[in-house]
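Structure at a glance
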Amino acid sequence: MASILFRLGRFSFRHKWWVIAAWVAAMVLVVSLVSVLQPKFSKDFELPGTDSGNAMTTMQKYFPVATEDQEQASTSVLVQAPDGIAKHAAEIDKLVASLKELPELKDAATIVSPLSVPAESRAQVLSEDGKVGLIQVRQTTNIMDLEIDDKHEFVDILKDHRVGGLNVEATGSLMSIQDEGGTAEMLGFGVAFIVMIVFFGALVAAFIPLITGIFAVLITIMLLTLSTEFLDVNESATGIVTMLGIAVSIDYALFIVSRYRSEVARGGSREDAVGRAVGTAGSAVVFAGLTVIIAVVALMVIGLPFVTQMGLGAGIAVGLAVMAAITFIPALLGAFGRFAFTPKIPWIKHAEESEDADTNGMRFGRAVVAKPIPFIIAGLAVLVVAAIPMTKMELGMTMNSEDENKALELLAEGFGKGINGPLLVTVRNAGGDVTAAADKAVAHIKTLDDVANAKTLTWMGNGSDPKNPNVGADTALISIIPNSGPSDQETHDLMEQIRDYKNEVSAAGGTMHVGGMTAIMSDMSDKLDNALIPYLIVVVGLAFLIMVAVFRSLWVPLIGTIGFIFSVLAAFGATVAIFQEGMFGLIDNTMPLLSFLPIFLIGVVFGLAMDYQVFMLTRVREEYIHGMTAKEAILAGYRHGARVVSSAAIIMICVFASFMLAPDTTSKMLGFAMAIAVFFDAIIIRMTVVPAVIALLGDRAWGLPKWLDKLVLDFDIEGGAVRNNGLEDLPGGGASLEKAGAPA
């Protein structure tokens, strides 16, 4: 492995302009294709093999009009006044007139003041106390075709009519559009750049990881976008691809460039220095990237299309980050040549490694090695305390943006919490008229607890009378409004009670399925829960085997895996405390944790944890097998790895944390959870607890049983085969640090 990467690094350095041109051409090509084809992401969530998925399939086949209505923009406008909306009738009429000027309305005549609706239908649009009214705006525009300008125009209308004590809010299609922004990404890149300036003490070197990060992430996003021409890809896949792609691209580049600087200082040609850097640090990058790829791609075992898309997209991003690190980075280093570590920032100390400098990392490392037990106890105690709120963890799913929260509160206040999450039941009698079965189902459902309203919307299919298609129809669609909210346990229980009635429908020769967004979210949570154990077995099992091959040890992978358990539980606890319990007041609208957060966080953070395990401990093993004692090797690991790992962790934390600026709650929660998880794992586990435990084990930490040692391939992750390539003719075999070519 090391020899192959050594040659690849030298090739990329020597043929720098061809390699750079290839990366630029790849980016130009994918960007051009996206510009020409203009593919679009999907917002639909498909759950094949679930009851709600079957219900949606039935609706698409037998109720195309209803399905089309769901795909078209529909927005609910809520008007509210403490003294009753009747006293604001004139302003509400002006609001209605403004709403009728929106483009592509389905039927402007249906946009009316709730005060003007006939008495027999008024209860559907006016609350009993007369304080909350509902105005429905339906457009012929497909939800996917709405743009941020449409939302801005709509929001301006709402603002203009919030006068005289009248409150106007909205929820639905126009409010769910998210600004593409890019603020979070730009802030993440900005912080990363500052950290790298401090790390390298030079501007050019700080730019190099940013360049590769931008290329890798942009190409991945463009490839993911192009795939929507052939596949139904959910837009949620882009968030994690961007988040993870930026972080690992910069981290891997940081690791390679840092090792290159160290190799240049050893002497010899810069071409050989690049080869040695890629052969040693590049080997660690390849295996670190492989663990992350396994962790995210294995998400497909869950069986949820949108989660699979997230995982595959993230896997491609990490793969490109690895490729950029071992090809694009050497080419850029070749292009900048002797100017790679210029201009110097004179007031930044310890910008370059030194074999005799007493750095903060060395001082901390000596303390850990001298008295490991107190550090182990203190580190684990912090994580245990942070994990305590996890005992209160609740899981749920919501597709609403924070801009809709006020409207949802008014909707619940005026019409009940369940109106925003109806259950849709399909009843089919393939043998004939479904009327009797549908009426019987509605009658039964009305007897269940937590039902506010249940009615047959329509039935169609095989109707023999063109004037009355319901005659002889074999499929019915039933709408059920629960009393409780979409994410409440009572609604979930109601859904299961309705599904229990399927046996009676089946006994009569029919079929019945429960769908709607509420049912989809509930089924998604169940599917995620059931997939957790198989997923852990796949990810942890494969990654453990890789770590055994990398470190040729059983103890090191085992210690790393147990440490990960502590850090991820602490991350769950902190996320619950902030987002669910509202601790420190950082979040205005508390909510349950997203249902897919646990399994996704476990996968991504496990991969990243193994990244830092590889970055920190490959140098320890490298020095150990070249003659140092176990404790001396740990100190060498701190000398050469502490600054790299801590800088990489800070970059990763800042990139993830910057996504808390995103407008959608999903990105906020994911960003925080991943940032705090990286902090716990990188700083407490990888930098403190793991070295402390290895110091306790001493020589026992390194090595395999003889029978296993014969079976495990030697990948030469520490780069022994290329450690001194290009230095053989120098005095001391390249051991000197003061040779020509070292950066000034």
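Remember, it's a predicted structure, so these values are computed and weren't measured experimentally.

1. Observations regarding helix H11 (residues 270-297)
- At Gly282, H11 is bent by approximately 40°, the largest bend along its length.
- In terms of burial, H11 is largely enclosed, as 23 of its 28 residues are buried.

2. Let's talk about the environment of Pro305
- Examined against the element boundaries, Pro305 turns out to sit in helix H12 (residues 305-336).
- Counting along the chain gives 257 residues from Pro305 to Pro48, while the straight-line C-alpha distance between them is 8.3 Å.

3. With respect to a negative patch on the surface
- Taken together, Glu104, Asp145, Glu147, Asp149, Glu153, Asp156 and Asp160 make up a surface patch of like negative charges.
- Within the secondary structure, Asp160 is located in helix H6 (residues 148-160).
- Note on Asp160: relative accessible area 55%, which makes it exposed.

4. What to know about the pairing of strand S7 (residues 475-482)
- S7 sits mainly inside the fold: eight of its eight residues count as buried.
- Here strand S5 (residues 423-428) pairs with S7 via six bridges, running antiparallel. Bridging from a neighbouring strand, Leu423 pairs with Ile480 of S7.

5. Brief notes about unusual backbone geometry
- Here the residue pair Thr342 and Pro343 is connected by a cis peptide bond, since its omega of -15° sits within 30 degrees of zero.
- Considering the arrangement of structural elements, one finds Pro343 in the loop between H12 and helix H13 (360-370).
- With phi around 75°, Asp450 is a residue other than glycine that occupies positive phi space.
- With respect to the element layout, Asp450 can be found in the loop between helix H16 (435-446) and strand S6 (451-460).
- The backbone of Arg552 shows a phi angle near 45°, a positive value even though the residue is not glycine.
- Looking at the element boundaries, Arg552 is found in the loop between helix H19 (517-551) and helix H20 (555-580).
- Residue classification places Arg552 among the buried residues on the basis of a relative accessible area of 10%.

6. Focus on a nonpolar patch on the surface
- Residues Met300, Val301, Leu312, Val538, Leu542 and Leu545 make up a contiguous nonpolar surface patch of about 480 Å² in total accessible area.
- Along the chain, the position of Val538 falls in helix H19.

7. Section: the environment of Phe215
- Residue placement: Phe215 occurs in helix H9 (residues 203-227).
- Note: C-alpha distance between Phe215 and Phe328 (113 residues apart in sequence) is 9.6 Å.
- Those residues in contact with Phe215, other than ones at most four positions away along the chain, are Trp23, Val24, Met27 and Phe328.

8. Let's talk about the pattern of salt bridges
- For the structure on display, the rule yields 12 salt bridges.
- Between Asp51 and Lys502 there is a salt bridge; the shortest N-O distance is 2.8 Å. With a gap of 451 residues between them, Asp51 in helix H3 (residues 51-62) and Lys502 in helix H18 (residues 502-507) connect regions that are remote in the sequence.
- Judged by its relative accessible area of 22%, Lys502 falls in the partly exposed class.

The rules behind these values
Residues numbered from 1 in each chain as written. Predicted model: local features only at pLDDT ≥ 70, side-chain atom pairs only at ≥ 80, totals over all residues. Heavy atoms only, no water. Bend = angle between axes of the 7 residues up to and from the residue. Helix = DSSP H or I, 4+ residues; strand = E, 2+ residues; numbered from the N terminus. Buried < 20%, exposed > 50% of the residue type's maximum accessible area, 1.4 Å probe, protein only. Patch = residues over 30% accessible without salt bridge, like charges linked within 9 Å, V, L, I, M, F, W, Y side chains within 5 Å. Areas by Shrake-Rupley, 256 points an atom, 1.4 Å probe, with all protein chains shown as cover. Salt bridge = Lys/Arg side-chain N within 4 Å of Asp/Glu carboxyl O. Lys, Arg positive; Asp, Glu negative; His and termini not counted. Charge placed at Lys NZ, Arg CZ, Asp CG, Glu CD. Pairing = 2+ DSSP bridges. Contact = heavy atoms within 4.5 Å.

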